[in-house]
Amino acid sequence: MVEAPAPGGTLYVVATPIGNLGDITLRALEVLRTVPLAAAEDTRIARRLWARYDIATRLVSYHAKSGTRRHAELIEHLGAGNDLALVSDAGTPLVSDPGGELVADWLALGGAAVPIPGASAVLAALVVSGFAAPRWAFEGFLPRSGRERRVRLARIAADERATVLFESARRAGATLSDLAEVCGIDRRAALTRELTKIHEETWRGSMSELAAKAGATPPRGEVTIVVEGADPNVSSAADAEAVDEARSEVDRLVSGGISRSSAARQVAQERNLRRRDLY
């Protein structure tokens, strides 16, 4: 049985170059040239791509502070049967960029969304990190401080997969220092900056080496950090502290009336720890 076409227009989620404008795909150019409207995180940045490839499609801004009015306008545009391309400043929209609510709301209305893949800072950083990473996790930007930051750092330290995260250049040194503290100073890592651009550079070494280098000479530009996965046979410096903190959380839940088994299961899932270590 052939399904009926979704109502309205198609929302294309289009990946754009992360630096070098030559990394745009032929399919992305075709979509950007043929849709009647494109919503861009920053129209000034998008116009550089438009100028390079003679794209005449009308642009409107759509970013984290656009508000409900612009969101409603784009949904109305799609609902009227018109296609729309969503682009961010670099890479794929929704990956640490705005656009998630637009896609979710249009899909909830029965609309169609189509991904147009392309350049990825995450994958680019992984393949030049210098260590094998067949399994990996993406953390995006870490919280700047507080309990949630400590919890996520502990998860990275315990994870046997490689971890990719984004960071601002000015905070890269502090984050690498925190990672060295929880992961151990000898855990390998890589810091990439300005991927695909003229000043592209990758630092590789132990966590302590990269932390010292970033502290002495802060990197410039867009920064992506790759942390090698934990060796399952070696405990990280953060393991004992993370387990102790998690056990305290289990005790708190038990005192609130939850069974110890349920509390251990919940905390283990939240903190990426083994249940048997908490029960």
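Residues numbered from 1 in each chain as written. Predicted model: local features only at pLDDT ≥ 70, side-chain atom pairs only at ≥ 80, totals over all residues. Heavy atoms only, no water.

Draft legend 1. Spotlight on the sheet that holds strand S10 (residues 223-227). Taking strand neighbours across the sheet as the criterion, the 5 strands line up as S6-S7-S10-S8-S9 in an open arrangement whose pairing is mixed. A single partner strand is all that each edge strand has here, and the edge strands are strand S6 (136-141) and strand S9 (201-206). Averaged over all neighbouring strand pairs, the angle between strand axes comes to 15°, with direction disregarded. Inspection of the sheet shows S6 paired to strand S7 (residues 162-167) by 5 bridges, in the parallel sense. Note that in S7 the partner of Gly140 across the bridge is Leu165. Sheet strands touched by helix H6 (residues 147-158): S6, S7 and S10. Its angle to S6, the strand with the most contacts, is close to 160°. Its contacts with the sheet put helix H8 (residues 207-216) on strand S8 (188-193), S9 and S10, and the angle it makes with S9 is roughly 130°. (Pairing = 2+ DSSP bridges. Helix = DSSP H or I, 4+ residues; strand = E, 2+ residues; numbered from the N terminus. Axes fitted to C-alpha atoms, helices over the stretch in contact; angles between N-to-C directions. Contact = heavy atoms within 4.5 Å.)

Draft legend 2. How the structure looks around the sheet that holds strand S2 (residues 37-40). Strand order in this open sheet of 5 strands is S3-S2-S4-S1-S5, and the pairing throughout is parallel. One side of each edge strand has no neighbouring strand; the edge strands of this open sheet are strand S3 (58-61) and strand S5 (112-116). Strand-to-strand, the axes of this sheet are offset by a mean angle of 25°, without reference to chain direction. When strand S1 (residues 10-14) meets strand S4 (residues 84-87), the two strands line up parallel, connected through 3 bridges. Across the sheet, residue Leu11 finds its bridge partner in S4, namely Leu84. Here helix H1 (residues 26-34) sits on the sheet and contacts S1, S4 and S5; the angle it forms with S5, its principal contact strand, is near 135°. Where helix H2 (residues 43-52) meets the sheet, its contacts fall on S2 and S3, and the angle it forms with S3 comes to roughly 155°.

Draft legend 3. Local environment of the nonpolar core. By size, the foremost hydrophobic cluster in this structure holds 22 residues, and its most contacted members are Leu176, Leu179, Cys183, Met207 and Ile225. Elements supplying a minimum of two residues to this core: H6, helix H7 (172-183), S8, H8 and S10. In terms of residue count, H7 provides more of this core than any other element does, 6 residues in total. By size, the runner-up hydrophobic cluster in this structure holds 19 residues, among which are Ala28, Leu32, Ala46 and Ala85. (Core = buried A, V, L, I, M, F, W, Y, C linked by side-chain atoms within 4.5 Å. Buried < 20%, exposed > 50% of the residue type's maximum accessible area, 1.4 Å probe, protein only.)

Draft legend 4. Highlighting the packing of H7 against H8. Contact geometry for H7 and H8: axes closest at 8 Å, N-to-C directions at 160°. Here H7 lies roughly antiparallel to H8, going by the angle between them. Crossing of H7 over H8 shows left-handed handedness. For the pair H7 and H8, contact is made by Gly173, Leu176, Ser177, Leu179, Ala180 and Cys183 and by Met207, Ser208, Leu210, Ala211 and Ala214, respectively. Residues of the contact of H7 with H8, tallied by class, amount to 8 nonpolar, 3 polar and no charged. (Parallel < 35°, antiparallel > 145°, perpendicular 65-115°, else oblique. Left-handed = near helix turned anticlockwise from the far one by under 90°. Nonpolar A, V, L, I, M, F, W, Y, C, P; charged D, E, K, R; others polar.)

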